[in-house]
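A structural walkthrough
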Amino acid sequence: MNKKIYLTITAHPDDEALGFGASSYVLSQKGHTIYNCILSGDVDARRHKPDEEALKEHTNNAQKFMGAEAPILGAFPNIKFNTVPHLELVQYIEGIIEQIEPDVIITHHPYDLNNDHYHTSKACQAAARLYQRKPCNPLKGLYFMEIPSSTDWAFPVDGQNFTPDTFIEVGEQGVAQKLKALQAYEGVMRPYPHPRSDASIKALATLRGSQVGRMYCEAFQTAMNIIEL
């Protein structure tokens, strides 16, 4: 099996765990390398957030539970990505792509309710074409993830909601590690029936698994996939 480099590009600390946490752990156990780039590393507008040093510690601890490398933290303004020039976001992501040379990129669905997620997705889609403009490692795949309490809260106004077509079997251990990563972030988890509760996270993994005849899965939507024969 060829080892791959996976890169998530997300807006906020905890997004990477919510959308890819269990898959990250399972893939890392199989020898793949996982990097998580978080564009707003200090989420300055988040209510009740810990101080900057504590948040960095929580973020680093979360990566360890997911089997990921040290996080790549940007300094873009939380809940204000719409004020950042699109080109600035794209060029920052391109720099990360040149540095990491990922095989696969996973980012937000462009129709998430959260506006930062929208701008992250659009910029990531543009940056993902870098290999067509400059000499670098061609991507093998680009996928959209689902973020509980954002992707699922989007209104179905034009039929462009998250439609999963790719599933990674994560098993009970993968779900457990995902929950540990989320619990490493202070104030992220909520009591049931909130989508960011332990029960809801496990229920979503159960649902996605049942859609493809597995016990527990995380689901993704394909934007681009290269099949190597």
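Parameters and conventions
Residues numbered from 1 in each chain as written. Predicted model: local features only at pLDDT ≥ 70, side-chain atom pairs only at ≥ 80, totals over all residues. Heavy atoms only, no water. Helix = DSSP H or I, 4+ residues; strand = E, 2+ residues; numbered from the N terminus. Expected span 1.5 Å × (residues − 1). Buried < 20%, exposed > 50% of the residue type's maximum accessible area, 1.4 Å probe, protein only. Contact = heavy atoms within 4.5 Å. Patch = residues over 30% accessible without salt bridge, like charges linked within 9 Å, V, L, I, M, F, W, Y side chains within 5 Å. Areas by Shrake-Rupley, 256 points an atom, 1.4 Å probe, with all protein chains shown as cover. Salt bridge = Lys/Arg side-chain N within 4 Å of Asp/Glu carboxyl O.

**Quick word on helix α5 (residues 171-183)**
Its 13 residues place the ends of α5 19 Å apart at the C-alpha level, agreeing with the 18 Å of an ideal helix rising 1.5 Å per residue. Among the residues making up α5, those that are buried are Gly-174, Val-175, Gln-177, Lys-178, Leu-179, Ala-181 and Leu-182. Here the buried face of α5 lies against α1 (15-29), α2 (52-66), α6 (198-211) and β7 (217-225).

**Points about a nonpolar patch on the surface**
Among the surface-exposed residues, Leu-113, Trp-153, Phe-155 and Val-157 lie close enough to one another that they form a single nonpolar patch of about 470 Å² accessible area. For Phe-155, a relative accessible area of 61% corresponds to the exposed category.

**A few points about the pattern of salt bridges**
Side-chain pairing between opposite charges can occur once the charged atoms of the two side chains come close. Per the counting criterion, the structure on display carries eight salt bridges. A salt bridge links Arg-133 to Glu-94, with the shortest nitrogen-to-oxygen separation between them at 2.0 Å. On the criterion of sequence distance, the pair formed by Arg-133 in the loop between α4 (115-127) and β5 (141-145) and Glu-94 in helix α3 (residues 86-100) is long-range, its members being 39 residues apart. The exposure class of Arg-133 is partly exposed, given its relative accessible area of 48%. Its relative accessible area of 13% is what places Glu-94 among the buried residues. Here Lys-140 ties to Asp-103 by a salt bridge, and the two come within 2.9 Å at their closest N and O atoms. One end of the pair, Lys-140, is in the loop between α4 and β5; the other, Asp-103, is in the loop between α3 and β4 (104-108), and 37 residues separate them in sequence. Each member of the salt-bridge network shares a partner with another, and the members are Asp-103, Lys-140 and Glu-228.

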